[in-house]
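A structural walkthrough
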Amino acid sequence: MQVLKFGGSSVAHSDSIKRICSFLEKKPKGRYAIVVSALGNITDQLIQCGQLASERKNIYKNILEEIEIRHLNIIRELFPITDQSYLISWIKKNINDLESLCDGIFQVEELSKRSLDKIMSFGELSSSFLIAEKLKQSGLDAICKDSRDLIITDSQFGCAQVDFITSNHHIIQFFREKTSKYIVLPGFIGSTLENETTTLGRGGSDYTASILAAAISANILEIWTDVSGMMTANPKIVNQSFPIKEISYEEAMELSHFGAKVIYPPTIQPAMKKHIPIQIKNTFSPLDPGTLIYVRKKTNISQPVTGISGIQNLALLTLEGSGMVGVPGYSKRLFEALSREKINVIFITQSSSEHSITTGIHEMDIIKAKIVIDSEFAQEIHQKCIDPLKIEKDLCIIAVVGDNMKNLHGTSGKMFSSLGRNSINVRAIAQGSTEKNISAVIQKYDFKKALNTLHEVFFESPPKQINLFICGVGKVGSKLLEQIDQQKNYLLEELKLQVRVIGLANSKKMYFNENGINLCQYIDHLNKNGHKMNISDFMEKVWKFNLRNSLFVDNTASEKMAMTYEKFLKNGIGVITCNKIACSSDYDHYKKLKTLSRHFKAPFFFETNVGASLPVISTLNDLINSGDKINKIEAVLSGSLNFIFNHFIGKKSFLEVVKEAQHKGYTEPDPRIDLIGLDVMRKILILARECGAPLELFDIQQQSFLPPSCSNAISIENFYQELHQHRDYFFNIRKKAEKEKKRLRFIARYEKRIASVGLESVQQNHPFYQLEGKDNMVLYNTYRYSEQPLIIKGAGAGSEVTASGVFSDIIKATK
Ligand code: ASP
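We now turn to the structure provided with this report. Just so it is clear, the model here is predicted, and its values are computed rather than measured.

Focus on the site of the ligand
Lining the immediate surroundings of the ligand are Ser37, Thr43, Glu124, Phe188, Arg202, Gly203, Gly204 and Ser205. Thr43 is positioned with one of its side-chain polar atoms (N or O) 2.7 Å from a nitrogen atom of the ligand. Protein coverage of the free-state accessible area of the ligand, which is 260 Å², stands at 86%. A breakdown of the residues in the shell around the ligand according to their chemical character gives one nonpolar, five polar and two charged.

Digging into empty space enclosed by the protein
Evaluated as defined, the whole model comprises one cavity of 30 Å³ or more. A volume near 40 Å³ is recorded for the largest cavity. Forming the boundary of the largest cavity are Lys448, Lys449, Asn452, Phe545, Asn546, Leu547 and Arg548. In terms of residues, the lining of the largest cavity owes the most to one element, helix H14 (residues 447–458), which gives three residues. Across the lining of the largest cavity, the residue classes tally to two nonpolar, two polar and three charged.

Structural notes on the sheet that holds strand S13 (residues 356–362)
Strand order in this open sheet of six strands is S12-S13-S11-S14-S16-S15, and the pairing throughout is antiparallel. In this open sheet, the two strands that pair with only one neighbour each are strand S12 (345–350) and strand S15 (426–431). Shown here is a sheet whose adjacent strand axes are inclined to one another by a mean of 30 degrees, direction ignored. Bridge count for S12 against S13 is five bridges, and the pairing is antiparallel. Within the sheet, the bridge partner assigned to Val345 lies in S13 and is Ile361. Contacting strand S11 (307–320), S13 and strand S14 (390–401), helix H11 (residues 366–376) runs over the sheet at an angle of about 30 degrees to S11.

Examining the packing of aromatic side chains
Here the distance between the centres and the angle between the planes together describe a pair of aromatic rings. Applying the stated criterion across every chain, the model contains 30 aromatic pairs. For the ring pair Phe174 and Phe175, a centre distance of 5.2 Å and an interplane angle of 85 degrees mean the geometry is edge-to-face. Centroid distance Phe469 to Phe545: 6.1 Å. Interplanar angle 40 degrees. Geometry classified as tilted. Residue Phe469 is located in strand S17 (residues 464–471), and its partner Phe545 is located in helix H17 (residues 535–545); the two are separated by 76 residues in the primary sequence. Classification of Phe545 as buried rests on a relative accessible area of 15%. In this arrangement the basic side chain of Arg333 is found over the ring face of Tyr330, its NZ or CZ atom lying 5.8 Å from the centre. The aromatic ring of Tyr720 is capped on one face by Lys659, whose charged end is 5.0 Å from the ring centroid.

Scoring rules and cut-offs
Residues numbered from 1 in each chain as written. Predicted model: local features only at pLDDT ≥ 70, side-chain atom pairs only at ≥ 80, totals over all residues. Heavy atoms only, no water. Near = heavy atom within 4 Å. Polar contact = N/O pair within 3.5 Å; in protein donor to acceptor, adjacent residues only side chain to side chain. Areas by Shrake-Rupley, 256 points an atom, 1.4 Å probe, with all protein chains shown as cover. Nonpolar A, V, L, I, M, F, W, Y, C, P; charged D, E, K, R; others polar. 1 Å grid on protein atoms, 1.4 Å probe; cavity = no way out; pocket = protein on both sides within 12 Å on 5 of 7 lines; lining within 4 Å. Points joined across faces, edges and corners; volume = space filled by probe spheres on them. Helix = DSSP H or I, 4+ residues; strand = E, 2+ residues; numbered from the N terminus. Pairing = 2+ DSSP bridges. Axes fitted to C-alpha atoms, helices over the stretch in contact; angles between N-to-C directions. Contact = heavy atoms within 4.5 Å. Phe/Tyr/Trp six-rings, centres within 6.5 Å; stacked < 30°, edge-to-face > 60°. Buried < 20%, exposed > 50% of the residue type's maximum accessible area, 1.4 Å probe, protein only. Lys NZ or Arg CZ within 6 Å of the ring centre and 35° of its normal.

Shown next, in the form of structure tokens:
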């Protein structure tokens, strides 16, 4: 004998009922108990009727009419006219009874749980009646049996408890006496010994089916629903979740309790007791394998976790105090007090010092809990032996579930380190000694991120998803987006990274797309669909998305932007920046960012702050980390100044060359920053700081080669005017160098904790003499590289190379 259960969505329309009937016709010969839910959504409508009637709202009549029409239409669509009248009058009679019941409720303005159960029973009674009739009409040996004659319960209306001894007796007797091949039964309903209708809890038709299957020792219990089985995680929260093929009863129980709404949790118990396999199948995709719940003996060490789940809206109650230590009875009193108030305890932990007990309950119960516990322990609180109950809200539980976790080390390590890496703070932990479930209490705000993080770690083979929030789509930013777009397939195939840009902003607009912005059309999106850019709104959005593996990328030169890094790092979001302002601001700020990065395990990379994409900072770090000592740094760090002095030849005036450099994108947006040497000062400052010197910008010695009126120019325009005015001055500097067969180079130096910048003329044998175009060159003279310096040379400016440096920092950060 097999028991098949069809849920509400599987019997929602005449088409679906037809499909079920033809499916049953094709089943091999045998006997089938078919348990059905009400037609999809009918139970909700019935509840609504009762509630509206109790509020004296007449529109309950309209809903009753809708319910009636829906059933009558199904009759018309399923049966030939000749068979309809009996069925229609059956439905009409039941609707009349229902209406009388609702009228009564309307009069007394009260809806008892008892009346509501009666009202709800209409749904399953009607669907089972119609389906049985349809099977008969198709020539099958079918009957309908009212489950209320078989399933006997107590009188806890709304969620009645089953009297298994009596029910099993009735069920066995009925199935022994009745020989029909197809017995259709309404799910969800039962009756008290006094013949009053009860229900088994919302979703209870699954339970009905399991009770029947266990009683008659069915070969299998098939649950036909609208999803392809129990999923590795809630698919509404974790897109990548997938159906679990096989699962043990215990795992299914753990997952169903934790919000995997595929099966009503009490369903597992009766089937499990008799070792009856439960197969979950999708009516709308019957070829999908679904989930088989059974006694699973095989252990799969490579897949210790079967599913991930969670409960939202949790509150933690903590009872704490020195008076509790070593005194038996505190936990008994705590749990008794909660149970008296019918408060369900979801989670329990107690520290081994016995100084505190923490329990998790639904947030809606906190007021009741506070009153009852504080009054239970009033005397101890008064005597200051314990503190008043502490309540923490806005929490949730996430849990990894799996039989195979038992005796296998590393699962909790993996779980907590991945949560930690994504800055998810764990407030409390519980793991039963059965090792089937590891639960962690975290902030509700992190729920989605945590589930996705755990799913990625335990179920997803690469690619790893990387979520970028990028500010600045100017010269560097636009090149970066171009490079990311060009490289995305390579990243996916070779590095197993799925890099998505979730947020994008320029100085005017910001635009977000949780599924990743199409980088071919980002300008359109920004202009047409973007909102007004505001840094705090941008950050708010990033917090709200709260995506795992998030990185913030700053391609601007904005000071305001540089001041946001602290917040990003504190939120565990890595910062990649080509903006030098943060690392060359106050030493304390720079140090703080580095500390935050370490503390929150959020990468903070700024390789492009010095020498664009040349590995200047990473090489320095590698030298220092491997124990080398930096004696001296000599460097040409300004691609723009080098370009300017290399092109300040022939007839061109100094101003013309400066403008050319600016036009080519080699200077900062404001060229004064390059020419007064500020940009180079910032760079050598950053290198000095990376060497461990706590220097400030004002500690850098600077010999400006500009006349004071140029250095003090109040605007870019004014600066150009002054450069023009002093064209002879610049010409003379050049002539002097040429005469001595030297070349002009703007050089930064760092030695013995002293840093300086200035224009120098270098001789032919100096490595800087041959420096072409906009190239940079850094000479590291170290303990190990003492005879010949370690030299890094190459293009040190330009949007293309800077973007590629930012890009490689992004890739580095993903590791
Ligand atoms: N019809 C009931 C409900 O919607 C029972 C069930 O479908 O399992 O909760």
